[in-house]
Amino acid sequence: LRPRPNPSGFFYFYTMIVPEYLQKGDTVGVVATAKKVHKAHTLQGIELLKSWGLYVLVGEYVFAGHQQFAGTDEQRTQDFQAMIDNENVKAVFMVRGGYGTTRIIDQIDFSGLNKFPKWVCGFSDITAIHAHLFRMGIASIHAPMPSFFYALEKQPLNWLRDLIFGKKQTLEVSRHPLNRNGKINGNLVGGNLSLICHTIGTASEIITKGNILFLEDVGEQLYNLDRMMIQLKRAGFLTNLAGLVVGQFTAMKDDDPFGQDAHEIVKEHVKDFPYPVAFNFPIGHSNMNHAVPIGVACKLDINDDRSLLALS
């Protein structure tokens, strides 16, 4: 992964391998790298992919179970590796998140993606894979997953379909009072805040310098959100961003009242940095979860009326 200096400032654009967007008739794989899946919901999601004109290759162990995982570490590794190595597979959809992906990530040989690039799609626990692929210089898609397609509104499902078939899109959000205005271009990177913190110090450590970072999370205590933001700041991962997009922080907990909500916590920890910040984007654990490409150049434009994230 080689940073390319931006003549207009100190930010960087990273030269990435961007897989070809899908066409009808393409083969896509479905695998489970984390928690056990709900079979009926997963089959429903697979049928939706088929309705988009795709041929779906289902991993051998997608419906397996071991402890809380979708099969043993070895089975989940084997399924994902098979999809990476299959030249006919043009994209890999992770069935669901939860926990388990980081248990196997170091056993995966991603080198085949350099020769036969393909989209890896998923979010939440899959954030570790997105960060790892970014370090390799390979773009991916932070996307809702087949086991939960049933719970999504129609708009984000259509958005995902259009995105994977290569339609350029712009995500527009109403003005949020905590926003900080600005306009910037940069590669998009990010995902689940907990997983981003867990990549620090590993071979999958996220690269934020010069990039547009987006964050989301679910079910965390507010004090722990504060702690994770402090960790990112102390480790230098908030210092030289091009911009920050704050997604959905859903089902947050506040057993011992913290005194700030999630957005206020995030704002406090980036208040001393000059880059633009946009709050309340429909990215994350909600029924309006919109897919976004990671490692692809985007434009973030925030003004007094609205925030725009234009996807390349």
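Parameters at a glance
Residues numbered from 1 in each chain as written. Predicted model: local features only at pLDDT ≥ 70, side-chain atom pairs only at ≥ 80, totals over all residues. Heavy atoms only, no water. Helix = DSSP H or I, 4+ residues; strand = E, 2+ residues; numbered from the N terminus. Rg over C-alpha atoms; globule rule 2.2 N^0.38 Å. Buried < 20%, exposed > 50% of the residue type's maximum accessible area, 1.4 Å probe, protein only. Contact = heavy atoms within 4.5 Å. Areas by Shrake-Rupley, 256 points an atom, 1.4 Å probe, with all protein chains shown as cover. Lys, Arg positive; Asp, Glu negative; His and termini not counted. Charge placed at Lys NZ, Arg CZ, Asp CG, Glu CD. Disulfide = S-S within 2.5 Å. Salt bridge = Lys/Arg side-chain N within 4 Å of Asp/Glu carboxyl O. Phe/Tyr/Trp six-rings, centres within 6.5 Å; stacked < 30°, edge-to-face > 60°. Polar contact = N/O pair within 3.5 Å; in protein donor to acceptor, adjacent residues only side chain to side chain. Expected span 1.5 Å × (residues − 1). Arc of directions from axis to C-beta. Pairing = 2+ DSSP bridges. Right-handed = clockwise from strand over helix to strand, strands pointing away. Core = buried A, V, L, I, M, F, W, Y, C linked by side-chain atoms within 4.5 Å.

It is not clear to me how the overall build of the protein should be interpreted in this structure. Could you clarify?
When you go through the protein residue by residue, the secondary structure sums to 9 helices and 15 strands. A compact globule built from 312 residues should have a C-alpha radius of gyration of about 20 Å, and the protein, at 18 Å, falls within 12% of that. Counting only C-alpha atoms, the protein reaches 50 × 45 × 40 Å along its principal axes. Across the 312 residues of the protein, 57% fall into the buried class. Put simply, of all contacts in the protein between residues at least 6 apart along the chain, 79% involve residues at least 24 apart. About 13100 Å² of surface is accessible on the protein, with carbon and sulfur atoms providing 47% of the total. Between the mean site of the 30 positive side-chain charges and the mean site of the 30 negative ones, the protein shows a separation of 5 Å.

It is not clear to me how the state of the cysteines should be interpreted in this structure. Could you clarify?
In protein chemistry, a disulfide is the covalent bond that joins the sulfur atoms of two cysteines. Taken as a whole and judged by the stated rule, the model has 0 disulfides. We note that Cys121 lacks a disulfide partner, and the nearest cysteine sulfur, in Cys298, lies 15 Å from it. The exposure class assigned to Cys121 is buried, which follows from its relative accessible area of 1%.

Sorry, what's going on with the pattern of salt bridges here?
Pairing between side chains of opposite charge can happen when the charged atoms of each approach one another. The full count for this structure, using the stated rule, is 7 salt bridges. Residues Arg103 and Asp73 are paired through a salt bridge, measuring 3.0 Å at the closest nitrogen-oxygen approach. Taken together, the positions of Arg103 in helix α3 (residues 101-104) and Asp73 in helix α2 (residues 73-85) put the pair 30 residues apart, joining distant regions of the chain. In this structure Arg103 comes out as partly exposed when scored by relative accessible area, which is 37%. Of the charged contacts, one joins Lys167 and Asp162 as a salt bridge, the two residues approaching to 3.9 Å between their closest N and O atoms. What makes Asp162 buried here is its relative accessible area of 19%. One connected set of salt bridges, linked through shared partners, spans Asp73, Arg76 and Arg103.

Please explain the packing of aromatic side chains as it appears in this structure.
How two aromatic rings sit relative to each other is given by the distance of their centres and the angle of their planes. All chains considered together, the criterion is met by 5 aromatic pairs. Measuring from ring centre to ring centre gives 5.1 Å for Tyr21 and Trp119, while their planes differ by 35°; the resulting arrangement is tilted. Of this pair, Tyr21 sits in the loop between β2 (12-14) and β3 (27-31) while Trp119 sits in strand β6 (residues 119-122), and the two are 98 residues apart along the sequence. According to the relative accessible area criterion, Tyr21 is partly exposed, its value standing at 25%.

Explanation requested: the side chain of His130 in the structure shown.
The residue His130 is located in helix α5 (residues 127-136) in this model. Judged by relative accessible area, His130 falls into the buried class, the value being 1%. Separated by 3.3 Å, the side chain of His130 and the backbone oxygen of Ile141 make a polar contact. In this view, His130 contacts Val120, Gly122, Phe123, Ser140, Ile141, His142 and Ile294; residues no more than four positions away in its chain are not counted.

Is there a simple way to think about helix α1 (residues 39-51) in this case?
Every α-helix carries 3.6 residues per turn, so stepping three or four residues along brings you back to the same face. Here α1 spans 18 Å end to end across 13 residues, near enough to the 18 Å set by a 1.5 Å rise per residue. Looking at α1, one finds that the buried residues are Thr42, Gly45, Ile46 and Leu49. On an axial view of α1, the arc spanned by its buried residues comes to 100°, and they lie on one face. Those residues of α1 that are buried lie in contact with β3, β4 (55-58) and β5 (89-94). Once α1 ends, the next one or two residues include Gly53, with phi positive near 90°.

How do you make sense of the sheet that holds strand β11 (residues 243-250) when you look at a structure like this?
Sheet strands associate in pairs through backbone hydrogen bonding, adopting either a parallel or an antiparallel arrangement. Taking strand neighbours across the sheet as the criterion, the 7 strands line up as β8-β15-β14-β9-β10-β11-β12 in an open arrangement whose pairing is mixed. In this open sheet, the two strands that pair with only one neighbour each are β8 (170-174) and β12 (277-278).

Even after reading the chapter, I still don't get the pairing of strand β10 (residues 212-218), so can you show me in this structure?
A regular strand places its side chains so that they alternate between the two faces of the sheet. β10 sits mainly inside the fold: 6 of its 7 residues count as buried. Examined bridge by bridge, strand β9 (residues 182-192) and β10 share 5 bridges and lie parallel to one another. Across the sheet, Gly191 pairs through a bridge with Leu215, a residue of β10. Bridge count for β10 against β11 is 6 bridges, and the pairing is parallel. Looking at the pairing, Val218 lines up with Thr250 of β11. As a crossover connection, the stretch from β10 through helix α8 (residues 222-234) into β11 is right-handed.

Just to check I follow, could you spell out the nonpolar core for this structure?
Generally speaking, a soluble globular protein has its nonpolar side chains buried in company with each other. In terms of nonpolar packing, the biggest core is built from 78 residues, with Leu193, Leu213, Met229, Leu238, Leu244 and Leu309 touching the most fellow members. Setting aside residues no more than four positions away along its own chain, Leu244 makes contact with Leu213, Leu215, Val266, Val270, Tyr275, Pro276, Val277, Ala278 and Leu300. Ranked by size, the runner-up nonpolar core spans 20 residues in total, among them Val31, Phe110, Val120 and Met145.

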